[in-house]
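Read off the chains here:
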Amino acid sequence: MAYQFTKDLETGNRVIDSEHRQLIDAVNSLLEACAKGQGRAQVLNTAHFLLNYTKQHFSDEEAIQVKNRYPDYVRHKKIHEDFKKTAADLVQKIENEGPTVANVGLVNTLLAGWLINHIKGEDKKLAAYLKSAT
């Protein structure tokens, strides 16, 4: 199942929305590679890209929060840290077991589902704060 960057995922912040689009594209690439049973190397390359891009995106987002004195920064950063650990653990699992059906399911729930819910919840709160602060 491919994910789409729909209107309800827009935060109104150009940088954050652009990076969210790229994250969703990376998740879709990973799901597609797994679904096609492509070699472990392809799946791992895509998983590593997603993991690294997530780290970069969170860093960019956190810099925006610090710059704008976002009052919920500490909690939001903790959520990011927890996700990075979950994502790294999943990449390790794929490295060990390959792109199994179970691991594809985990990509869907632990990565894609989490990102969509995070954007709709936490990142929308951040966007509302940024709009009110300007």
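Now for a quick tour of the structure. Each chain has its residues counted from 1, running along the sequence as written. Side-chain atom pairs in this predicted model are given and counted only at pLDDT of 80 or more, local residue features only at pLDDT of at least 70, and totals for whole chains, interfaces and linings cover all residues. As a convention, hydrogens and water are excluded, and side-chain values are obtained from all of the structure's heavy atoms.

1. Examining the packing of helix H1 (residues 14–35) against helix H4 (residues 101–133)
To define axes, lines are fitted to C-alpha atoms, for helices over the stretch in contact only, and angles between the resulting N-to-C directions are given on a 0 to 180 degree scale. Secondary structure follows DSSP: runs of H or I at least 4 residues long count as helices, runs of E at least 2 residues long count as strands, and numbering of each begins at the N terminus. Orientation of H1 relative to H4, taken along the N-to-C sense of each, is 175°, at an axis distance of 11 Å. The orientation of H1 with respect to H4, classified from their angle, is roughly antiparallel. Across the interface between the two elements, Ile16, His20, Leu23, Ile24, Val27, Leu30, Leu31 and Cys34 from H1 touch Val104, Val107, Asn108, Leu111, Ala112, Leu115, Ile116, Ile119, Asp123, Leu126 and Leu130 from H4. Of the residues assigned to the contact of H1 with H4, the class counts are 16 nonpolar, two polar and one charged. For classification purposes, angles smaller than 35 degrees are called roughly parallel, those larger than 145 roughly antiparallel, those between 65 and 115 roughly perpendicular, and all remaining angles oblique. Working rule for contacts: check all heavy atoms of both residues, and any pair within 4.5 Å makes them a contact. In this classification, Asp, Glu, Lys and Arg are treated as charged, Ala, Val, Leu, Ile, Met, Phe, Trp, Tyr, Cys and Pro as nonpolar, and every other residue, Gly included, as polar.

2. Quick look at H1
For a helix, the expected span equals 1.5 Å multiplied by the residue count minus one. Counted at 1.5 Å a residue, the expected span for H1 with its 22 residues is 32 Å, and the 31 Å between its end C-alpha atoms agrees. Two N or O atoms count as a polar contact when they lie within 3.5 Å, although within protein this holds only if one can serve as hydrogen donor and the other as acceptor, and sequence-adjacent residues are included solely when both atoms are side-chain atoms. The N-cap residue of H1 is Asn13: its side-chain oxygen and the backbone nitrogen of Val15 are 3.1 Å apart. Of the residues one or two after H1, Gly37 is the one with positive phi, at around 65°.

3. Let's talk about the nonpolar core
Residues Tyr3, Val27, Leu30, Leu50, Val107 and Leu111 are the most contacted members of the largest nonpolar core, which totals 28 residues. Of all the secondary-structure elements, those providing two or more residues to this core are H1, helix H2 (40–67), helix H3 (73–97) and H4. Grouping buried Ala, Val, Leu, Ile, Met, Phe, Trp, Tyr and Cys residues that are joined through side-chain atoms within 4.5 Å yields what is termed a nonpolar core. Relative accessible area decides the class of each residue, using a 1.4 Å probe on protein chains only: under 20% of the type maximum gives buried, over 50% gives exposed, and in between gives partly exposed. Core analysis: the next-biggest nonpolar cluster, separate from the first, contains five residues, Ile16, Ile64, Tyr70 and Leu130 among them.

4. Here's the deal with the packing of H3 against H4
A pair of packed helices is captured by two measures, namely the crossing angle of their axes and the spacing between those axes. Following both chains from N to C, one finds H3 and H4 inclined at 165°, their axes separated by 11 Å at the closest point. Judged by the angle between their axes, H3 and H4 are roughly antiparallel. Helix-helix and strand crossings are classified by hand; for H3 and H4 the assignment is left-handed. Between H3 and H4, the residues in contact are Arg75, His76, Ile79, His80, Phe83, Thr86, Ala87, Leu90, Lys93, Ile94 and Glu97 and Asn103, Leu106, Val107, Leu110, Leu111, Trp114, Leu115, His118, Glu122, Asp123 and Lys125, respectively. By the definition used in this description, the sense in which the near helix is turned from the far one sets the handedness, with an anticlockwise turn below a right angle giving left-handed and a clockwise turn giving right-handed.

5. Thoughts on unusual backbone geometry
One non-glycine residue, Arg69, lies in positive phi territory at about 55°. By relative accessible area, Arg69 is classed as exposed at 71%.

6. Details of the pattern of salt bridges
Take a side-chain nitrogen of Lys or Arg and a carboxyl oxygen of Asp or Glu: if they are within 4 Å of each other, that pair is a salt bridge. A full pass over the atoms with the stated rule returns 12 salt bridges. Glu10 is the salt-bridge partner of Lys7, the closest N and O atoms lying 3.4 Å from each other. Residue classification places Lys7 among the exposed positions, given a relative accessible area of 66%. A salt bridge links Glu10 to Arg21; the nearest nitrogen and oxygen atoms lie 3.9 Å apart.

7. Thoughts on the environment of Pro99
Tracing the backbone through its elements, the reader meets Pro99 in the loop between H3 and H4. Along the primary structure Pro99 and Thr86 are separated by 13 residues, whereas in three dimensions their C-alpha atoms are 17 Å apart.

8. Some thoughts on the environment of Arg21
With respect to the secondary-structure elements, Arg21 resides in helix H1. Accessibility expressed as a relative area gives 38% for Arg21, which makes it partly exposed. As for Arg21 and Glu10, which are separated by 11 residues in sequence, their C-alpha atoms are 9.3 Å apart. Those residues in contact with Arg21 that sit more than four places away from it in its chain are Phe5 and Glu10.

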